[in-house]
Amino acid sequence: MYYTFNKESHNFAGYEINIQESIDSYGAIVWPAAVALCQYLENNQHQFNLHDKAVLEIGAGTGLLSIVACLLGAWVTATDMPDILGNLKMNLNKNTRNRCRYNPQVAELSWGEDLEKNYPRSVYHYDYVLAADVVYHHDCLEKLLDTMKHFCPPGTILLWANKVRFESDCKFTENFNRTFHTTLLAEFPETQVKIFMATSKETD
């Protein structure tokens, strides 16, 4: 097995960010929703101040969003499937070393699998959960929603950015809106990306 790599450059939070992609894996490509959420976080720091906040990214992929969160002062844990973690860790280390208040962490997370065992709610609490372009044509949408629910107890804010591509995206959005208190924060017509904020419907 071999991988074909491509490189992308982005500018956020006053830094040039160089991302190595693997075009052989959906999880190792920079997708439009990640770029849109990076822009939104940088431009709306008065509303979403990540400084000294604990942040979890679900489906971090190349790590662009986690890198930007780090540059904005967050303590970040970037998660994804095992085969994605090597490239993710390399991009994070390369783009945050000597630039950030906290060193980002990388962890394996399989959606919906042993969540309470591997990430007990009594131990793992995050101020923000970030997710970008994690909804597409795959069979794990129920597990993804379960994962979002697990990491978003009362007091946690979930920011989800998505480009609608399939009917399954619309169905997921309906279930997402039923599961959480949601607000549509922004729309980007040129890329068909929407950014949602969500909080738990559970009581404290």
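It should be emphasised that the depicted structure is a prediction, and the values quoted were computed from it without experimental measurement.

This paragraph deals with helix H2 (residues 64–71). By the criterion of burial, H2 is predominantly enclosed, with eight of the eight residues buried. When H2 is considered as a whole, its buried residues turn out to be Leu64, Leu65, Ser66, Ile67, Val68, Ala69, Cys70 and Leu71. Two residues or fewer past H2, Gly73 is found with a positive phi of approximately 100°.

To continue, consider unusual backbone geometry. Positive phi is not limited to glycine here, since Asp114 has a value of about 50°. Relative to the helices and strands, Asp114 resides in the loop between strand E5 (105–108) and helix H4 (115–118). Notably, Asp133 is not glycine yet its phi reads approximately 50°, a positive angle. As for its position among the elements, Asp133 is in the loop between strand E6 (128–132) and helix H5 (141–151).

So, on to the environment of Phe188. When you line up the elements, Phe188 lands in strand E8 (residues 180–188). Counting along the chain gives 152 residues from Phe188 to Ala36, while the straight-line C-alpha distance between them is 7.9 Å. Sequence-distant contacts of Phe188, that is, excluding residues within four places in its chain, are made with Ala36, Val193 and Ile195.

We now examine the nonpolar core. Ranked by internal contacts, the top residues of the largest apolar core, which has 42 residues, are Leu41, Leu64 and Leu159. Here the element with the most residues in this core is helix H1 (residues 32–43); it accounts for eight residues. Contacts of Leu64, omitting those with residues within four sequence positions, involve His10, Phe12, Ile17, Ile19, Val30, Val35 and Cys38. Among the nonpolar cores identified, the runner-up in size contains 26 residues, and Ile58, Leu141, Trp160 and Phe172 belong to it.

Thresholds, definitions, all that
- Residues numbered from 1 in each chain as written.
- Predicted model: local features only at pLDDT ≥ 70, side-chain atom pairs only at ≥ 80, totals over all residues.
- Heavy atoms only, no water.
- Buried < 20%, exposed > 50% of the residue type's maximum accessible area, 1.4 Å probe, protein only.
- Helix = DSSP H or I, 4+ residues; strand = E, 2+ residues; numbered from the N terminus.
- Contact = heavy atoms within 4.5 Å.
- Core = buried A, V, L, I, M, F, W, Y, C linked by side-chain atoms within 4.5 Å.

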